[in-house]
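# Results of the structural survey
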Amino acid sequence: MFPSGRFHGYRDGGSPCRRGAGGGAGWRGPGGAGGRLLARAGNRVEACHDPSAHAEMQVMRAATRLRGGARLVDCTLYVTLEPCPMCAAAAIHFRMGRIVFGAYDPKGGGVEHGPRLFTHPRCLHRPETVGGVREREAGTLLQDFFRQLRA
């Protein structure tokens, strides 16, 4: 997690996708006050046998534990792929301030595609969203990750 307005991008050498460590489908780093990284995680669905172990979920949980509160209004979540409906709904409840993502997900996305949760009239909180950041690079990272996962 970094403060809103700061983007470290996908070239970060510590990225689970880049390293292959932990099997992350993309690095997720929400930003916190002072520009420090609060949490980083990768997709652990297969490793944990837990369908909710998406990187976003892990990062938001870790960031709130670290900060000692349940809200992330002053944080930015950086995501390789457009969040799914489950992660988008969680971002609403965590009161995530901003979500920046690379590749769009027409099949499973929940922000710009599918249910578009943040546009629902009864949405409790609407994080600022920025999509398509380094989209081609994010797509390549995801393809490489899933190719390795299936190998």
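See the structure shown above.
Keep in mind that what you see is a predicted model, and the values were worked out from it rather than measured.

In this section: the overall build of the chain. A tally of helices and strands in the chain yields five helices and four strands. The helix and strand sequence of the chain, counted from the amino end, reads β-α-α-α-β-α-β-β-α. Buried residues in the chain amount to 49% of all 151 residues. Counting contacts in the chain only where the partners sit at least 6 residues apart, residues at least 24 apart contribute 62% of the total. Carbon and sulfur atoms make up 51% of the accessible area of the chain, which amounts to about 7400 Å² in all.

Relative to the helices and strands, T64 is located in helix α3 (residues 55-67). Relative accessible area serves as the criterion here: at 12%, T64 is assigned to the buried category. Residues in contact with T64, not counting those within four places in the same chain, are G69, A70, R71, L72 and F94.

To continue, consider helix α4 (residues 85-94). Along an α-helix, a turn takes 3.6 residues, which lines up residues three or four apart on a common side. What α4 keeps buried is the set C87, A88, A90, A91, I92 and F94. On its buried side, α4 packs onto α3 and β3 (98-103). Just downstream of α4, R95 is the residue with a positive phi angle, here 60°.

Another aspect to go through is unusual backbone geometry. Unusually for a residue other than glycine, H49 sits at a positive phi of about 55°. Within the element layout of this structure, H49 appears in the loop between α2 (45-48) and α3. Using a relative accessible area of 72% as the deciding quantity, one classes H49 as exposed. Even without glycine at this site, R116 takes up a positive phi of about 45°. Take R116: it is sitting in the loop between β3 and β4 (128-130). Judged by relative accessible area, which is 41%, R116 ranks as partly exposed.

Parameters and conventions
Residues numbered from 1 in each chain as written. Predicted model: local features only at pLDDT ≥ 70, side-chain atom pairs only at ≥ 80, totals over all residues. Heavy atoms only, no water. Helix = DSSP H or I, 4+ residues; strand = E, 2+ residues; numbered from the N terminus. Buried < 20%, exposed > 50% of the residue type's maximum accessible area, 1.4 Å probe, protein only. Contact = heavy atoms within 4.5 Å. Areas by Shrake-Rupley, 256 points an atom, 1.4 Å probe, with all protein chains shown as cover.

Keep in mind these values describe shape, not function.
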